[in-house]
Amino acid sequence: MLPTNQSLVKYDNPVQLSTSKKKTDVKNKLTPTEDILNSILPPREWTENSQLWVQYVSSAPSTKKDVLMLQKNLDTKLQQNQARETGLCPIREELYSQAFDEIIRQVTINCAERGLLLLRVREELRMEISSFQTLYESSIAYGFCCGPC
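All figures in this text were calculated on a predicted structure; none of them were measured in a lab.

Asker: So, the overall build of the protein chain: which residues are in play, and what are the values?
Answerer: Looking only at helices and strands, the protein chain has five helices and three strands in total. The order of α-helices and β-strands along the protein chain, N terminus first, is β-α-α-β-β-α-α-α. When each of the 149 residues of the protein chain is scored for burial, the buried share is 26%. Residue pairs at least 24 apart in sequence account for 68% of intrachain contacts in the protein chain once pairs closer than 6 positions are excluded. In the form shown here, the protein chain has an accessible surface area of approximately 10,500 Å², with 56% of it arising from carbon and sulfur atoms.

Asker: Just give me the short version of the pattern of salt bridges, but keep the residues and values in it.
Answerer: Any two side chains of opposite charge can pair, given that their charged atoms come close. Here the structure, examined in full by the defined rule, presents five salt bridges. Measuring nitrogen to oxygen at the nearest pair gives 2.8 Å for the salt bridge that ties arginine 105 to glutamate 102. Separated by three residues within a single helix, arginine 105 and glutamate 102 lie in helix α4 (residues 90-110), roughly one turn from each other. Judged by its relative accessible area of 0%, arginine 105 is buried. With relative accessibility at 3%, the residue glutamate 102 sits in the buried group. A cluster of three or more residues bridged by salt bridges with shared partners is formed by Asp101, Arg122, Glu123 and Arg126.

Asker: Any details on the sheet that holds strand β3 (residues 51-55)? Residues and values, ideally.
Answerer: Taken in spatial order, the three strands of this open sheet run β1-β3-β2, and their pairing is antiparallel. Edge positions in the sheet fall to β1 (15-17) and β2 (44-48), since each of these pairs with one other strand and no more. Averaged over all neighbouring strand pairs, the angle between strand axes comes to 30°, with direction disregarded. Relative to β3, β1 runs antiparallel, the two being bridged by three bridges. Counted as the bridge partner of glutamine 16 is tryptophan 53 from β3.

Asker: Could you give an account of the side chain of serine 97, with specific residues and numbers?
Answerer: Position of serine 97 among the secondary structure elements: in helix α4. Overall, the relative accessible area of 18% leaves serine 97 in the buried class. Within polar-contact distance, the side chain of serine 97 engages the side chain of arginine 126 at 2.8 Å.

Asker: Residues and numbers for the pairing of β2, please.
Answerer: Pairing between β2 and β3: five bridges, direction antiparallel. The residue bridging glutamate 48 from the neighbouring strand is glutamine 51, located in β3.

Asker: Describe the packing of aromatic side chains, with residues and values.
Answerer: Each aromatic ring pair is described using two quantities: the centre-to-centre distance and the angle formed by the ring planes. Evaluated as defined, the whole model comprises one aromatic pair. Judged by centre distance (6.5 Å) and plane angle (10°), the rings of tryptophan 46 and tryptophan 53 are stacked. Exposure class is identical for tryptophan 46 and tryptophan 53. Each is buried. Its guanidinium or amino end placed over the ring of tyrosine 11, arginine 44 lies 4.0 Å from that ring's centre, counting from NZ or CZ.

About the cut-offs
Residues numbered from 1 in each chain as written. Predicted model: local features only at pLDDT ≥ 70, side-chain atom pairs only at ≥ 80, totals over all residues. Heavy atoms only, no water. Helix = DSSP H or I, 4+ residues; strand = E, 2+ residues; numbered from the N terminus. Buried < 20%, exposed > 50% of the residue type's maximum accessible area, 1.4 Å probe, protein only. Contact = heavy atoms within 4.5 Å. Areas by Shrake-Rupley, 256 points an atom, 1.4 Å probe, with all protein chains shown as cover. Salt bridge = Lys/Arg side-chain N within 4 Å of Asp/Glu carboxyl O. Pairing = 2+ DSSP bridges. Axes fitted to C-alpha atoms, helices over the stretch in contact; angles between N-to-C directions. Polar contact = N/O pair within 3.5 Å; in protein donor to acceptor, adjacent residues only side chain to side chain. Phe/Tyr/Trp six-rings, centres within 6.5 Å; stacked < 30°, edge-to-face > 60°. Lys NZ or Arg CZ within 6 Å of the ring centre and 35° of its normal.

This is the structure we're talking about:
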């Protein structure tokens, strides 16, 4: 089974799907909030010993303790993975992305519309960061080929 501690996003326990059960059978039992959560944060799927496993994001409401734990886990993972504090750092970017996904999950459970709005904000920020990275790489390339001799 996949270790659940890899991500900052909170997941339910993995569910083993037998060969007779289909994913659609499990999906039919979802509440509207769970359906929205699964469209925002798709379930993890993997095969182990020729058995299909699925792990859905948790639909349990979060508490203040959960939010504080998220902050602590983020700080711990940043230190453990030696993420740089400044400049472009893929490790830091990935961990903050996971933390933002977890915040979106928590907000969506309480108010689906607010969660979907946060999703739009996340996607816009990702596009902007991608644009900045492309601009940075272009400027570096230009500096190598056409810079001062």
